[in-house]
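Residues per chain, in single letters:
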Amino acid sequence: MKNITCFVALIAVMMCLSTVKAQNLQVLYDTERDCVTSTLEMFRPDAFGSTFYFVDLDYTPRATGAYIEIARELCFWQKSNWNWLSIHVEFNGGLTSYKAAGTNYAVPFNNAWLAGLTYSGHSADFSKTWSLSAMYKAIPDLEEDGEKKIHNFQITGVWGINFFDGWATFSGFADFWSEGSTFIFLSEPQFWVNLNKIKGWEKINLSLGGEVEFSNNFGGMDGFYTRPAVGAKWTF
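In this text, all values refer to a predicted model and were calculated from it rather than measured experimentally. (Residues numbered from 1 in each chain as written. Predicted model: local features only at pLDDT ≥ 70, side-chain atom pairs only at ≥ 80, totals over all residues. Heavy atoms only, no water.)

S.K.: Explain the pattern of salt bridges residue by residue, including any values.
M.R.: Following the criterion strictly, the structure yields 6 salt bridges and no others. Note that Arg-33 and Asp-30 form a salt bridge whose closest N and O atoms lie 3.0 Å from each other. Glu-147 is the partner of Lys-149 in a salt bridge, and the nearest nitrogen-oxygen pair spans 3.9 Å. On the basis of relative accessibility, which here comes to 27%, the residue Lys-149 falls in the partly exposed class. Note on Glu-147: relative accessible area 47%, which makes it partly exposed. Three or more residues are tied together by salt bridges with common partners; here these are Asp-30, Arg-33 and Asp-58. (Salt bridge = Lys/Arg side-chain N within 4 Å of Asp/Glu carboxyl O. Buried < 20%, exposed > 50% of the residue type's maximum accessible area, 1.4 Å probe, protein only.)

Have a look at this one:
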């Protein structure tokens, strides 16, 4: 499953700085898992910060998994010199499914609640953006050797670079977090070619490209894995 994805690299640093609203829909084919994932993302700022969420659905070809993250940035000091700093609160949850002996089963993920601080930065023209969040991560249902392991942490870095006069975007995130005694790494850098730069296509907000997932001890799999995916994104 994904975490905060491509366009968040831009909006994360504008949470306390702008009034931009953005949504996009991505459809990516995972060549390793032979799976299609759709991702709907939404970002909306307001006078006190911003709200962001995304919903992932996996298809193989039927829907086999769902995952959601919803995050709130609180920045009551938007007009001060501290507007690069915000309070971050977040919820993660979802489920996956499988079929055995002719019966479909759904298995929920461990829900997680996060809270911490986000530092944001950008270049003068906003063509380069970045953010870093340090968070406490509570996973109420996590157990290890019969003991509850509620208290964990997560560090998230997000970046975005627009270049070639807006023709291309390189963006992504990197997460490092704990689940009990296990440490997990996940990163999904994305590269997009933005077709609305073609003359006469200015209103066609379609991008083509994809991502590569780099993970270690993620999704119940030990060790390091890479998973490329190709697809399209529509921004609206």
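So that's the structure; there's more coming.
S.K.: Give a description of the nonpolar core that names residues and reports values.
M.R.: Counting 6 residues, the largest nonpolar core is built from Val-158, Phe-173, Trp-177, Ile-184, Leu-186 and Phe-218. For this core, the secondary-structure elements that each account for two or more residues are strand S12 (168–179) and strand S13 (182–187). Those residues in contact with Trp-177 that sit more than four places away from it in its chain are Lys-137, Phe-153, Gln-154, Thr-182, Phe-183, Ile-184, Leu-186 and Phe-218. Ranked by size, the runner-up nonpolar core spans 5 residues in total, among them Ala-112, Leu-114, Met-135 and Leu-142. (Core = buried A, V, L, I, M, F, W, Y, C linked by side-chain atoms within 4.5 Å. Helix = DSSP H or I, 4+ residues; strand = E, 2+ residues; numbered from the N terminus. Contact = heavy atoms within 4.5 Å.)

S.K.: I'd like a rundown of the side chain of Arg-227, residues and numbers included.
M.R.: Tracing the backbone shows Arg-227 in strand S16 (residues 224–235). Those residues in contact with Arg-227 that lie beyond four places of it in its chain are Asp-30, Glu-32, Arg-33, Glu-211, Val-212, Glu-213 and Met-221.

S.K.: Outline the packing of aromatic side chains, listing residues and values.
M.R.: Two descriptors summarise a pair of aromatic rings, namely the distance from one centre to the other and the angle between the planes of the rings. Counted by the stated rule, this structure contains 16 aromatic pairs. When the ring of Phe-54 is compared with that of Tyr-67, the centres are 6.0 Å apart and the planes differ by 50 degrees; the resulting orientation is tilted. One end of the pair, Phe-54, is in strand S3 (residues 49–59); the other, Tyr-67, is in strand S4 (residues 63–74), and 13 residues separate them in sequence. On the accessibility criterion, Phe-54 (0% relative accessible area) is buried. Here Phe-76 and Trp-77 contribute two aromatic rings whose centre-to-centre distance is 6.1 Å and whose plane-to-plane angle is 65 degrees, an arrangement assigned as edge-to-face. Residue Phe-76 is classed as exposed on the basis of its relative accessible area of 53%. Of the aromatic side chains, those joined through ring pairs into one cluster are Phe-52, Phe-54, Tyr-67 and Phe-109. (Phe/Tyr/Trp six-rings, centres within 6.5 Å; stacked < 30°, edge-to-face > 60°.)

S.K.: Go over the environment of Ala-138, please, and point to the residues and values.
M.R.: As for its position among the elements, Ala-138 is in strand S8 (residues 128–138). In sequence terms Ala-138 and Asn-152 are 14 residues apart; their C-alpha atoms lie 5.9 Å from each other. Residues contacting Ala-138, with those up to four places away along its chain left out, are Asn-111, Ala-112, Trp-113 and Ile-150.

S.K.: How would you explain a nonpolar patch on the surface if you had to name every residue and give the values?
M.R.: Residues Trp-82, Trp-84, Tyr-119, Trp-130, Leu-132, Ile-155, Phe-176, Phe-183 and Phe-185 make up a contiguous nonpolar surface patch of roughly 860 Å² in combined accessible area. Going through the elements one at a time, S8 and S13 are the ones with two or more residues in the nonpolar patch. Along the polypeptide, Phe-183 turns up in strand S13. (Patch = residues over 30% accessible without salt bridge, like charges linked within 9 Å, V, L, I, M, F, W, Y side chains within 5 Å. Areas by Shrake-Rupley, 256 points an atom, 1.4 Å probe, with all protein chains shown as cover.)

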